[in-house]
Amino acid sequence: MEPLDTSAPRLCVAALYCFTRFDDPAALKAPLEALCHEHGVRGTLLLAGEGINGTIAGTDAGIDAIVAHVRGLPGCEGVDVKFSDAPHMPFHRMKVRLKREIVTMGQPDIDPLAIVGTYVEPEDWNALIADPDTIVIDTRNDYEVAVGTFARAIDPHTKTFREFPEWFRSERERLLGQGKAPKVAMFCTGGIRCEKSTAFLKQEGVEDVFHLKGGILKYLETVPQEQSLWEGECFVFDQRVTIGHGLAPGSYELCHACRRPISAEDRASELYEIGVSCPACHGERTEEQRAAYRERERQEKLAARRGEAHVGAVYRGE
């Protein structure tokens, strides 16, 4: 375990993705991983035959080096990158993983490179979702939606993105009706899930499909709070947990047992125990599991007293 550097300056966080075709993603793993370690960059990057996705953090110079490397990969010249700041390193370690999909939908015939919805710039998003003829769908998972969402947005109550196609097929008639189909506007954290969800709807025969370019992160960065239709905070997949307008740090913490966001009200519950359980997961775990979590929490505290980082976080990814 490496010592914690408490004197380090604010760090740069880069969330990026690019749909492209990698003939041999395994060959890209080692050079990318080595470069991240060389520059002290941490986080998670996912590689698959359909492209790259992930969030990383480090110094400005380190992040610049990784982004430049990614832009040199086949088809990644225009990789979408969203930058923000973090007061402390939001990741425990660096991981480059090989996956079947860079965002798991479980629909092998979906190809965002072939068909996708219409991109909507953040400054034009309010007008679209305020239109009564537009159906607004939040494509994120239930624990993310609970933290914050757009006014009028429909919550599919999905546990994972893989459940989205089944949800839409079961709700399609109720949502779209029998007459002229309404416009469908969808959004997610950084944009990647909407690349697939809009491609899926287009393949299902829905014509007027739109999605927020750059996702919620770009909207919160771009649109002034006084003009915003966003309500609440936005869950992010690192130790910041949530962010608000201007990408400012949010008020939620993370339950280290289930990785869900927890509010001040949750922390006041008798079901909340630091590192062990929260109101959302207490009934999902056995006493044996909670005992293991208590031991992990004890080890983390011992590591902190020694000035060391205890590696144990799990990246859920967008």
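See the structure shown above.
Residues numbered from 1 in each chain as written. Predicted model: local features only at pLDDT ≥ 70, side-chain atom pairs only at ≥ 80, totals over all residues. Heavy atoms only, no water.

Draft legend 1. Examining the sheet that holds strand β4 (residues 80-86) more closely. What the five strands build is an open sheet, ordered β4-β1-β3-β2-β5; its pairing is mixed. With partners counted over all chains shown, the strands left at the sheet margins are β4 and β5 (94-98), one partner each. Neighbouring strand axes in the sheet, compared pairwise and without regard to direction, differ in orientation by 10° on average. Relative to strand β1 (residues 11-19), helix α6 (residues 192-203) is tilted by about 20°, and along the sheet it contacts β1 and β3 (51-58). (Pairing = 2+ DSSP bridges. Helix = DSSP H or I, 4+ residues; strand = E, 2+ residues; numbered from the N terminus. Axes fitted to C-alpha atoms, helices over the stretch in contact; angles between N-to-C directions. Contact = heavy atoms within 4.5 Å.)

Draft legend 2. Geometry of the nonpolar core. Judged by nonpolar contacts, the single largest core of 25 residues is most densely connected at I137, F164, F168, M186 and L201. Going through the elements one at a time, β1, β7 (134-138), α5 (164-176), β9 (183-187) and α6 are the ones with two or more residues in this core. Contacts of F168, omitting those with residues within four sequence positions, involve L175, L176, F200, L201, E204 and V206. If you look at the next biggest cluster of nonpolar residues, it comprises 24 residues, including L16, L32, I52 and I56. (Core = buried A, V, L, I, M, F, W, Y, C linked by side-chain atoms within 4.5 Å. Buried < 20%, exposed > 50% of the residue type's maximum accessible area, 1.4 Å probe, protein only.)

Draft legend 3. Quick peek at α5. At S170, α5 is deflected by roughly 50°, the largest bend along its length. Regarding α5, the residues found buried are F164, P165, W167, F168, L175 and L176. Of the surrounding secondary structure, the elements contacted by the buried residues of α5 are β7, β9 and α6. G177 sits one or two residues past α5 and shows a positive phi near 70°. (Bend = angle between axes of the 7 residues up to and from the residue.)

Draft legend 4. Seen up close, the packing of aromatic side chains. Applying the stated criterion across every chain yields a total of 11 aromatic pairs. The interplanar angle of 90° and the centroid separation of 5.4 Å between the aromatic rings of Y143 and F235 together place this pair among those described as edge-to-face. Of this pair, Y143 sits in helix α4 (residues 142-145) while F235 sits in strand β12 (residues 234-235), placing them 92 residues apart in sequence. On the accessibility criterion, Y143 (8% relative accessible area) is buried. (Phe/Tyr/Trp six-rings, centres within 6.5 Å; stacked < 30°, edge-to-face > 60°.)

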